[in-house]
Amino acid sequence: MSFEEKGVWIYGVLVTIVSGAYFGYVLNQARTTNVADIAYQIPLLISIGAVIVLTIVGQIVAAIVTRDCGKTDQRDKEIDRHGELHGYYVLSAAFGLVLLMTMLKVEYFWIANAMYLGGVLGTLASSVVKIVAYRRGF
């Protein structure tokens, strides 16, 4: 497994866990509280920051353990480009939905969380496409 593939795995797993915890925390509150009264901003920023910091730490640990930091080839670059393109498709569709929600004057809570969900789904789509490309080719 190349260093780049390890990074994709680390990022994909962390995004899944952290965003799952965020949505579980916030949507649990939405069951009993008016969404206008939910303080989602700080947990949202914490979850984004946590993914960034934990990904960096995870990649540093992976580099130290495997001692193959930064070794990439043309295949890694093509897989990255291919995966990012698919992630952008998902992200674009999600942001189109967010734009529509904004035009319909939906509550800020839903708009912000739809944007975050769109980013998460785009990231997961990108990661899955990359992992499949590493495992089966493309």
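This section reports on the structure supplied with the text. (Residues numbered from 1 in each chain as written. Predicted model: local features only at pLDDT ≥ 70, side-chain atom pairs only at ≥ 80, totals over all residues. Heavy atoms only, no water.)

Description of the layout of surface pockets
- The calculated volume of the largest pocket comes to roughly 350 Å³.
- Lining of the largest pocket is provided by 21 residues; of these, Tyr11, Asp80, Glu84, Ser126 and Lys130 occupy positions nearest its centre.
- Elements supplying a minimum of two residues to the lining of the largest pocket: helix H1 (3–30), helix H2 (41–66), helix H3 (74–103) and helix H4 (108–136).
- When its residues are assigned to classes, the lining of the largest pocket shows seven nonpolar, nine polar and five charged.
- The space that makes up the second largest pocket amounts to roughly 250 Å³.
- Elements supplying a minimum of two residues to the lining of the second largest pocket: H1, H2 and H4.
- Residue classes in the lining of the second largest pocket are distributed as 10 nonpolar, two polar and no charged. (1 Å grid on protein atoms, 1.4 Å probe; cavity = no way out; pocket = protein on both sides within 12 Å on 5 of 7 lines; lining within 4 Å. Points joined across faces, edges and corners; volume = space filled by probe spheres on them. Helix = DSSP H or I, 4+ residues; strand = E, 2+ residues; numbered from the N terminus. Nonpolar A, V, L, I, M, F, W, Y, C, P; charged D, E, K, R; others polar.)

Here we look at the pattern of salt bridges
- Within the structure shown, the criterion is met by three salt bridges.
- A salt bridge links arginine 135 to glutamate 5; its shortest N-O distance comes to 2.8 Å. Separated by 130 residues along the polypeptide, arginine 135 in helix H4 and glutamate 5 in helix H1 bring together distant segments of the chain.
- Glutamate 5 sits in the buried class, given a relative accessible area of 5%. (Salt bridge = Lys/Arg side-chain N within 4 Å of Asp/Glu carboxyl O. Buried < 20%, exposed > 50% of the residue type's maximum accessible area, 1.4 Å probe, protein only.)

Structural notes on H3
- Spanning 30 residues, H3 covers 43 Å between terminal C-alpha atoms, matching the ideal 44 Å at 1.5 Å per step.
- Of all the positions in H3, only Asp76, Ile79, Gly83, Gly87, Ala94, Val98 and Met101 are classed as buried.
- Residues of H3 that are buried sit in contact with H1 and H4.
- Backbone nitrogen of arginine 75 and a side-chain oxygen of the N-cap are separated by 3.2 Å at the start of H3; the cap is aspartate 73. (Expected span 1.5 Å × (residues − 1). Contact = heavy atoms within 4.5 Å. Polar contact = N/O pair within 3.5 Å; in protein donor to acceptor, adjacent residues only side chain to side chain.)

Some remarks on H4
- The terminal C-alpha atoms of H4 lie 41 Å apart, and with 29 residues this matches the ideal 42 Å at 1.5 Å per residue to within 8%.
- Remark: glycine 137 follows H4 within two positions and exhibits a positive phi of approximately 85 degrees.

Details of the environment of leucine 124
- Mapped onto the elements, leucine 124 comes out in helix H4.
- Considering only alpha carbons, one finds leucine 124 and histidine 86, 38 residues apart in sequence, at a separation of 9.9 Å.
- When sequence neighbours within four positions are dropped, the list of residues in contact with leucine 124 reads Gly12, Val15 and Thr16.

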